[in-house]
Each structure stands twice: as C-alpha cells, then as structure tokens.
Amino acid sequence: MNAVKEHVIPEPAAIAASIGKAWERHLLKSRSAPGKRPYVYASAYSECDRRMALEMVAGDQQPSFDADTLARFERGNDRERDLLLALTRVGREHEPPFEVQSQQERFELLDRKERVAIVGKVDARLRFPWGSSAPLEVKAWSPHLTANIRTFEDLFRSPWTLRGAYQLLAYLLG
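Everything in this summary refers to the structure shown in the same document. (Residues numbered from 1 in each chain as written. Predicted model: local features only at pLDDT ≥ 70, side-chain atom pairs only at ≥ 80, totals over all residues. Heavy atoms only, no water.)

Quick notes on the nonpolar core
Next, step 1: Counting 8 residues, the largest nonpolar core is built from Leu 84, Phe 98, Val 100, Ala 124, Leu 126, Phe 128, Leu 136 and Val 138.
Next, step 2: Among all residues touching Leu 126, those that are not within four sequence positions of it are Leu 87, Phe 98, Glu 99, Val 100, Ser 132, Ser 133, Ala 134 and Leu 136. (Core = buried A, V, L, I, M, F, W, Y, C linked by side-chain atoms within 4.5 Å. Buried < 20%, exposed > 50% of the residue type's maximum accessible area, 1.4 Å probe, protein only. Contact = heavy atoms within 4.5 Å.)

The following block contains the structure:
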C-alpha cells in the first residue's frame, strides 16, 4: 500500500506573505554593508561637499539599503539590460551603424596627486565606425522627469536628475 502524504493547503494570503518574505531574504542576501572609502561614487554627487566627505569617511555609519530599495535597484538593472539589448539592435540598423560595447566598465577619475577621487561604472559605450566612442548612462527616471528634458542643461534643473548629469560629466571628463 502506497502512503500518500497529505498536504494542508495554506490560505492564499499566507502563500503570498511567505513568497514576499522569501523574496525579501533573497534581496537582503545580495546586500553589501556600507563602508569607508577614499573616493566618491560618480552616482553619489552632491552639491554639498560636506555630505560627500561624510559618506567617504563615515560610510560605515550609513544605514544599509532595505529590501524595497534593493528591489528598485534590481528592477533598474533589469531595465538597463533590456534597453542595452534593444539599443544593440538599433545600432545595427542605424546609419551610420554603432555598437554597444564595454558594459559595466569600471571608471576612475584621478585627482592632481594621482589618487582615485571618483569611481563609477560606465553602463556602456557607443562605438562609431570612425573609431570614437561615447559613454552611455542608463537611468530609470520617471516619464514625468524626462518629459521636460530637451537639452543636457535641463538635467541641472531638477534635484532628481542632477546627480545623473554630474555622473555623465565625470565619465566624459575621464
């Protein structure tokens, strides 16, 4: 006689809560603890020099990202991969054609004493047939923000886009 194990079917709300907790544990496993560092992240530009210095010397006192923030980061990373893949296809059909290269390339900008001052990751570079390339930064900004952006200078008009503008300027300077 085969013994059939009986399963108690949980309530749907309990299943949803259990999946939510498992997802949170999954996200929190990938979290790295904030720490001190001798440089500024290119994406963390602030008009307040004191704030940037504090993030460097007392970074270990910053709170870690919660699961909701980590989930937003993951959605942004997924969106970035999708956009770069689509841009790769567009580049083949564009005239002149271009290639999407060097994805997630580490970036370092040195100060006058040759110390690393700013660190980032260039999302990709667009390489053109004549040999030049341009850094590309992918942002998952709200359409409410991007609806008002017509020129690069427009990025400096909103506190929500300001960091992205300075991040791209650092990449161009480097």
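Some words on the sheet that holds strand β4 (residues 116-122)
Next, step 1: A sheet is described by the order of its strands in space; here 3 strands give the open sequence β1-β4-β3, paired in mixed fashion. Sheet topology places β1 (40-41) and β3 (105-110) at the edges, where each strand pairs with a single neighbour.
Next, step 2: Two elements, β1 and β4, share 2 bridges in a ladder whose sense is parallel. Within β4, the position partnered with Tyr 41 by the bridge is Val 119.
Next, step 3: Sheet strands in contact with helix α5 (residues 162-173) are β3 and β4, and its direction is about 80 degrees off that of β3. (Pairing = 2+ DSSP bridges. Helix = DSSP H or I, 4+ residues; strand = E, 2+ residues; numbered from the N terminus. Axes fitted to C-alpha atoms, helices over the stretch in contact; angles between N-to-C directions.)

Remarks on the packing of helix α1 (residues 12-29) against helix α3 (residues 67-93)
Next, step 1: Here α1 crosses α3 at 75 degrees, and the two axes come no closer than 9 Å. With respect to their mutual orientation, α1 and α3 come out roughly perpendicular. Taking contact as the criterion, the partners of Trp 23, Glu 24, His 26, Leu 27 and Leu 28 in α1 are, on α3, Ala 67, Leu 70, Ala 71 and Glu 74.
Next, step 2: The class makeup of the residues in the contact of α1 with α3 is 6 nonpolar, 1 polar and 2 charged. (Parallel < 35°, antiparallel > 145°, perpendicular 65-115°, else oblique. Nonpolar A, V, L, I, M, F, W, Y, C, P; charged D, E, K, R; others polar.)

A word on the pattern of salt bridges
Next, step 1: The tally for this structure, following the rule as stated, stands at 8 salt bridges.
Next, step 2: Glu 105 is the salt-bridge partner of Arg 125, the closest N and O atoms lying 3.3 Å from each other. With a gap of 20 residues between them, Arg 125 in strand β5 (residues 124-127) and Glu 105 in strand β3 connect regions that are remote in the sequence.
Next, step 3: Owing to a relative accessible area of 18%, Arg 125 belongs among the buried residues under this scheme.
Next, step 4: Residue class for Glu 105 comes out partly exposed when judged on its relative accessible area of 32%.
Next, step 5: Here Lys 139 makes a salt bridge to Glu 137, at a shortest N to O gap of 3.3 Å.
Next, step 6: Here Lys 139 falls in the partly exposed class, since its relative accessible area comes to 30%.
Next, step 7: Owing to a relative accessible area of 18%, Glu 137 belongs among the buried residues under this scheme. (Salt bridge = Lys/Arg side-chain N within 4 Å of Asp/Glu carboxyl O.)

Digging into the packing of aromatic side chains
Next, step 1: For the structure shown, the criterion picks out 8 aromatic pairs.
Next, step 2: Ring centres of Phe 128 and Trp 130 lie 5.0 Å apart, and the angle between their planes is 5 degrees; on these two criteria the pair is classed as stacked.
Next, step 3: On the basis of relative accessibility, which here comes to 57%, the residue Trp 130 falls in the exposed class.
Next, step 4: An aromatic cluster of three or more residues is present, and its members are Tyr 45, Phe 152, Phe 156 and Tyr 166. (Phe/Tyr/Trp six-rings, centres within 6.5 Å; stacked < 30°, edge-to-face > 60°.)

Topic: the environment of Arg 50
Next, step 1: Secondary-structure assignment places Arg 50 in helix α2 (residues 49-57).
Next, step 2: A C-alpha to C-alpha distance of 29 Å links Arg 50 and Ser 142, two positions 92 residues apart in sequence.

Some words on the side chain of Glu 55
Next, step 1: Within the secondary structure layout, Glu 55 lies in helix α2.
Next, step 2: You can call Glu 55 buried: its relative accessible area is 13%.
Next, step 3: Not counting residues up to four positions away in its chain, the partners in contact with Glu 55 are Gly 35, Arg 37, Ala 44 and Gln 62.

Details of the sheet that holds strand β2 (residues 99-101)
Next, step 1: The 3 strands are arranged β2-β5-β6 in an open sheet whose pairing can be described as antiparallel. In this open sheet, the two edge strands, each paired with only one partner strand, are β2 and β6 (133-136). Taking the axes of each pair of neighbouring strands and ignoring which way they run, one obtains an average angle of 30 degrees across the sheet.
Next, step 2: Bridge count between β5 and β6: 4 bridges; the pairing is antiparallel. In the sheet register, Arg 125 faces β6, and the bridge partner there is Pro 135.
Next, step 3: Packed on one face of the sheet, α3 meets β2, β5 and β6 and runs near 145 degrees to β2.

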